[in-house]
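Each chain, written out:
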Amino acid sequence: MSLVQPSEKFNTFINKLKQREYNFYNSSTSTSPVVSIISFFFNAHICFEETYKSVIDQSFQNFEWIIVDDCSTEPAAISIFDSLPHRSLKIKTIYHQESKGLAAARNKAVAQAVGKYLIFLDFDNLVDLTYIEKCVLLLETHPELSFVNSYQIGFHDEEYYSNEGFTRSTQFIQQEWLASMLLYRKADFDALGGFDEGLKFYEDWERWLRAITSDQKGWTIPEYLCYYRNHSSILEKSGTSIIEKQHTAKLIQSQYKNSFLQDNILNYLLKRSYFDTNKIKFNFLLQNQLPCNQNSKKILCFFFWLEVDGANKFNLDLVTLLTKQNYKFTIATTVGSNHPWHKHFDALTPDIFHLPNFLREHHWLAFTKYIIESRQIDTVLIANSYIAYYFLPLLRAEFPHVAFVDFVHTDDPGWRGIGFPRISCQLSKFLDCQVVTSKYLAKYYQTINPNTQDKLRICCTNVDSNKWQFNLKERKRLRRKLEIPEDAVVCLFPARLEFQKRPLFLVDIVKELVNQSLPIQVVVLGNGSLLSQFQERIKQFNLDSVFHVLPPVEPEEMLSFYSAADILLLPTEYEGIAVAIYEAMAMQLPIVASDVGGQRELVTPETGFLVPKAKGGIEEVQEYLKVLTPLIQDAGLRHKVGSLARQRVVELFPLQAMAEQMSAIFAEALEIHKNNPQPVIDSAMAEEMLVLAVEYLHLEQEQGRLFWENRELWEQKKSLEQEKNTSVLESKQLAQRIQAMESSKFWKFRKQWFIIKRTLGLTKNPH
C-alpha cells in the first residue's frame, strides 16, 4: 500500500467518478442472473446514492442485487430502503427485525442468492463501471481461480493507492489488504461456509484467510477499479473500540498463522501452460444485453495501447469529436502497458478493456464476439493492433451485419516487413474500408496489393488550431522554470526515445551547432529504451548545459512547451506524418524534419524544411546545419516561416474536417458492407492462422519481457561496475596519500622518534 497526501488531482478523480454520466442500465431482469451482488445496509443513507449509481449502471447487467437492512434507525435510511424494490426489479430486499451484524446479514443473502458469482459490496464503497464485467470474464476463463478483485483506491478521510493483492498471498496474514469488493465463485464460497457471525470486526479478512489456507486461489486485476471510502463510521452503530479490534486481529492471526509459518501458502501467478489450440474456439456463454439506442453508432476500437504518441493523439481526437456526434466507443488494447493516457480516454468512455490485464491471448477472439453481441456493435476499427487483423475472417463469418475498418499511420521498415501496411493489404478482402493518413501511404498500398484501390481512403490527422495558439505568458513562465535565457533559441524534440525517432542522431546535430557557438537550447520530451544511451551521449559531448531531457507531458501541457520553443526539430528515421508537426505548425513554429513518409504533403518549402534522410553520418548532419543555422541566427526568418505554417494548417487541415471525414467513412463502410457480397471464408484456415498469430504474439511478448529483464540486469551490472571502479579509484588515491605521507620528512621524523622511545623503554615494543 502506498499512502499519498490529499491533493486536488486526487479529489478531482474521485469527484469525476461520482459525477460520471454514462448509463449501461438495462431494466430487464433474468431468471438466472450470473452475479449476485450482496450489500449490508445500516443507516447507509449518506453515501447511498453514489454507491447505487456505480452499481446499477455497471457494464455487466445480468445481476441481482440483494440488500439486507440490519434494523436501520435513521428515518432517511428507512425511507431509502423501503423505496428500493420500486427503483429496480433487479433489487431484492431482506429486513432484519433485530440487528444481527454484517456477517449474519451477508450469510442470509448468500443463502438466497442464485448467481454463479457473488460480490460483496457495502454502501460506503464505489466500483468502476466495468469492474464486475472484467471480474466475471476473468473467472469464466480461469476455472482454477475462486475469486478476483482489483487494485484499490482509498478516499475520503484517508487517501491511498493500493496495488496489493492475491499475487502476494503469503503476506496476507499481516493485515487486511482486501476490502469487501471481491467477486467469488459461489460454489467455492459455499464449500467453505459463510462469514463468521461470532466476529464483530474483520469478517472479510477472516473469510479470505480461510479461503487462502484452504488452497483456493485468487487473482488481482492490475487496474484501479475499486474505491474504498475511509471514514470514522457510517455502517457501525457505535464508535469502534481500538482495543477490541486489535484483540480480534490477534485472534484471527493466531487461528491461521501456522499455515503461513509452515510455508503452506504460495504466491500465485497466472502463468501460461501448454497452448491448447482448442481454446481458440472458446465462447463466453454469458447473456449481457445492454440497452441499445438506435440513433447512436457503436464502434469497437482495437488500439495498440494508450501511451503518449501521435497515433493515440489521433485516436483521442477521434473519440472526443465523434462522441459529441452520438457515437458510443468501446476500446480494447492488446499490448501490456501502464497506459498513461487511459484517463483521457476514460473521460470520454468508461468502456475500456486492457486485454492483457485479465485475459489470455487465446480468449481475445471470444471477448470480441461477446463485446459485439452485448454492445450491438456496428463497426470494428483496427488502429495499430496487429493481432486484431487475425480476428477478421472469423468475425466476418459470424457477424455479417458488422463493418470492418482499419486505420494505418505509417509503414515500419524494421518490423514484420513493413509493419501494418503489409497485414492490412494481405487481409484487405475482409475490410470494408482501409484508411491511411497520406497519399504517400495510399500509393505504397498500391505497390503491395493493387486490389486495395477501391477501399482506400485518405484521412489526415489534422489539428485544432483554435487550441494550439502561441502564449507569451506560458513561454516566459516555462523558460524561467527551465532556466533558459530569453535570447536562446530553443529546439523542441517531442518524441519517444526509440530507434524510429533517432535521438542519438539528434545529439550529433546539436554537437555541431554548439561547435559553431550558436545560442541554442534543446528541450526533449520523451522516454524509451534509448534513454540511457541518449543521456550518455549528451554527457560524452559535454552538452548537459544545452539539453533539457524531460519525460512526456500531458496533452494540455504541450501548449507551454510549443510556446517556449522556436523550432521543431524531428530528424526521424520514418514517419507517416508526425502529429507533432501539425501541432507545431499551428503554434507558428518553423519545421525542420526528415523528408520521409507523407510529410511533404504537409510541410511545404514556405512552412518548413525537410531534409533528405541518409544514414546519419556527418554528411546528413551538415544538411541539417544548412537549414538550422540561418533559422537560429535570424528571428525574422523564423517568424515568417512560422506564420505561413500556421496559415497552412488553419486553412487546409482543421480538426473538425477529420472527424467529419471519419464519420463519413464509417457510414460508407456500413453501406459497402451491406451491398457487397461477403468474401469466401475458409474457417479451418482462418482458425489455424489465428492459432499461429496468437502463438507468435505470445513469443513476441516473452521476447520483450526477456529484453527488459536483460536490460535491467545490464543496468545493474553497469552500476556495480561503476561502484567497483569508484572503489578502485578511491583505493588508489588512498594508497597514493599513504605513500606520500610515508615519504614526507615529518613521517620519517615520527618513525625515528618512536624508535628512540622504544630504545629508552618509554613505550612497549610490540615484538
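Let us look at the structure shown here. Fair warning: this is a prediction, and the values are worked out from it, not measured in the lab. (Residues numbered from 1 in each chain as written. Predicted model: local features only at pLDDT ≥ 70, side-chain atom pairs only at ≥ 80, totals over all residues. Heavy atoms only, no water.)

A few points about the overall build of the protein chain
Looking only at helices and strands, one finds 25 helices and 23 strands in the protein chain. Within the protein chain, the fraction of its 767 residues that count as buried is 53%. Look at the contacts in the protein chain between residues 6 or more apart in sequence, and 79% of them connect residues 24 or more apart. Element-wise, carbon and sulfur atoms account for 52% of the exposed surface of the protein chain, whose accessible area totals about 35400 Å². Taking the average place of the 83 positive charges on the side chains of the protein chain and the average place of its 90 negative ones, the gap between the two points comes to 6 Å. (Helix = DSSP H or I, 4+ residues; strand = E, 2+ residues; numbered from the N terminus. Buried < 20%, exposed > 50% of the residue type's maximum accessible area, 1.4 Å probe, protein only. Contact = heavy atoms within 4.5 Å. Areas by Shrake-Rupley, 256 points an atom, 1.4 Å probe, with all protein chains shown as cover. Lys, Arg positive; Asp, Glu negative; His and termini not counted. Charge placed at Lys NZ, Arg CZ, Asp CG, Glu CD.)

A word on the side chain of histidine 363
In this fold, histidine 363 is placed in the loop between β13 (352-354) and α11 (364-375). Setting aside chain neighbours within four positions, we find histidine 363 in contact with Thr141, Lys279, Phe282 and Phe284.

Here's the deal with the environment of aspartate 157
Considering the arrangement of structural elements, one finds aspartate 157 in the loop between β7 (147-156) and β8 (160-162). Expressed as a C-alpha distance, the spacing of aspartate 157 and proline 519, which sit 362 residues apart in the sequence, is 52 Å.

With respect to the packing of helix α21 (residues 618-633) against helix α22 (residues 635-652)
Between α21 and α22, the least distance of the axes is 5 Å, while the angle of their chain directions is 105 degrees. The angle between α21 and α22 places the two elements in the roughly perpendicular class. Seen from α21, the contacting residues are Pro630, Leu631, Ile632 and Gln633; seen from α22, they are Ala635, Leu637 and Arg638. Tallied by class, the residues present in the contact of α21 with α22 amount to five nonpolar, one polar and one charged. (Axes fitted to C-alpha atoms, helices over the stretch in contact; angles between N-to-C directions. Parallel < 35°, antiparallel > 145°, perpendicular 65-115°, else oblique. Nonpolar A, V, L, I, M, F, W, Y, C, P; charged D, E, K, R; others polar.)

What about helix α5 (residues 131-141)?
In terms of residue burial, α5 counts as a mostly covered element, since eleven of its eleven residues are buried. Listed in full, the buried residues belonging to α5 are Tyr131, Ile132, Glu133, Lys134, Cys135, Val136, Leu137, Leu138, Leu139, Glu140 and Thr141.

Quick look at the sheet that holds strand β16 (residues 433-436)
The strand order across the open sheet built from seven strands is β13-β12-β11-β14-β15-β16-β17, with neighbouring strands paired in parallel fashion. Unpaired on one side and paired on the other, β13 and β17 (456-458) mark the two borders of the sheet. Each strand of the sheet is rotated relative to its neighbour by a mean of 20 degrees, with strand direction disregarded. Of the strands in this sheet, β15 (403-408), β16 and β17 are in contact with helix α15 (residues 439-448), which crosses β17 at around 165 degrees. (Pairing = 2+ DSSP bridges.)

Topic: a nonpolar patch on the surface
Together, Phe749, Trp753, Phe754, Ile756 and Leu760 make up a nonpolar patch on the protein surface, roughly 540 Å² of accessible area in all. Secondary-structure assignment places leucine 760 in the segment after α25 (745-759). (Patch = residues over 30% accessible without salt bridge, like charges linked within 9 Å, V, L, I, M, F, W, Y side chains within 5 Å. Salt bridge = Lys/Arg side-chain N within 4 Å of Asp/Glu carboxyl O.)

Side note on the sheet that holds strand β23 (residues 608-611)
Pairing is parallel in the open sheet, where six strands are placed in the order β20-β19-β18-β21-β22-β23. The two strands at the open ends of the sheet, each matched to only one other strand, are β20 (547-550) and β23. Mean inter-strand twist for the sheet, computed between neighbouring axes without regard to direction, equals 20 degrees. As paired elements, strand β18 (residues 489-493) and strand β19 (residues 520-525) share five bridges and run parallel to each other.

Focus on the nonpolar core
In terms of nonpolar packing, the biggest core is built from 88 residues, with Val35, Trp65 and Phe367 touching the most fellow members. Setting aside its immediate chain neighbours within four residues, valine 35 contacts Phe60, Asn62, Phe63, Glu64, Gly115, Tyr117, Ile119, Ile132, Val136 and Leu183. Among the nonpolar cores identified, the runner-up in size contains 68 residues, and Leu478, Leu570, Leu628 and Val649 belong to it. (Core = buried A, V, L, I, M, F, W, Y, C linked by side-chain atoms within 4.5 Å.)

Focus: the pairing of β7
Counting buried residues along β7, eight of its ten residues qualify, which places the element largely inside the surrounding structure. Alignment of β7 against strand β9 (residues 183-185), held across two bridges, turns out to be antiparallel. Residue pairing in the sheet places valine 148 in a bridge with leucine 183 of β9. Alignment of β7 against β8, held across three bridges, turns out to be antiparallel. Within the sheet, the bridge partner assigned to glycine 154 lies in β8 and is tyrosine 160. Adjacent in sequence and paired antiparallel, β7 and β8 are bridged by three residues.

Observations regarding the packing of helix α17 (residues 503-515) against helix α18 (residues 531-540)
Geometry of a packed helix pair, given as the angle between the helix axes and the separation of the axes. It is the contact of α17 with α18, at a shortest axis distance of 9 Å, that shows an interaxial angle of 15 degrees. Judged by the inter-axis angle, α17 sits roughly parallel to α18. As for how α17 packs across α18, the hand of that crossing is right-handed. Facing Pro503, Leu504, Leu506, Val507 and Asp508 of α17, the residues of α18 in contact are Gln533, Phe534, Arg537 and Ile538. (Left-handed = near helix turned anticlockwise from the far one by under 90°.)

Regarding the side chain of histidine 409
Summarising the element assignment, histidine 409 is placed in the loop between β15 and α14 (420-426). Residue histidine 409 is classed as buried on the basis of its relative accessible area of 11%. Apart from the residues lying within four places of it in its own chain, the contact partners of histidine 409 are Ala311, Phe314, Asn384, Thr437, Leu441, Thr461, Gly576 and Ile577.

Note that all results are geometric; they support no functional claim without further evidence.
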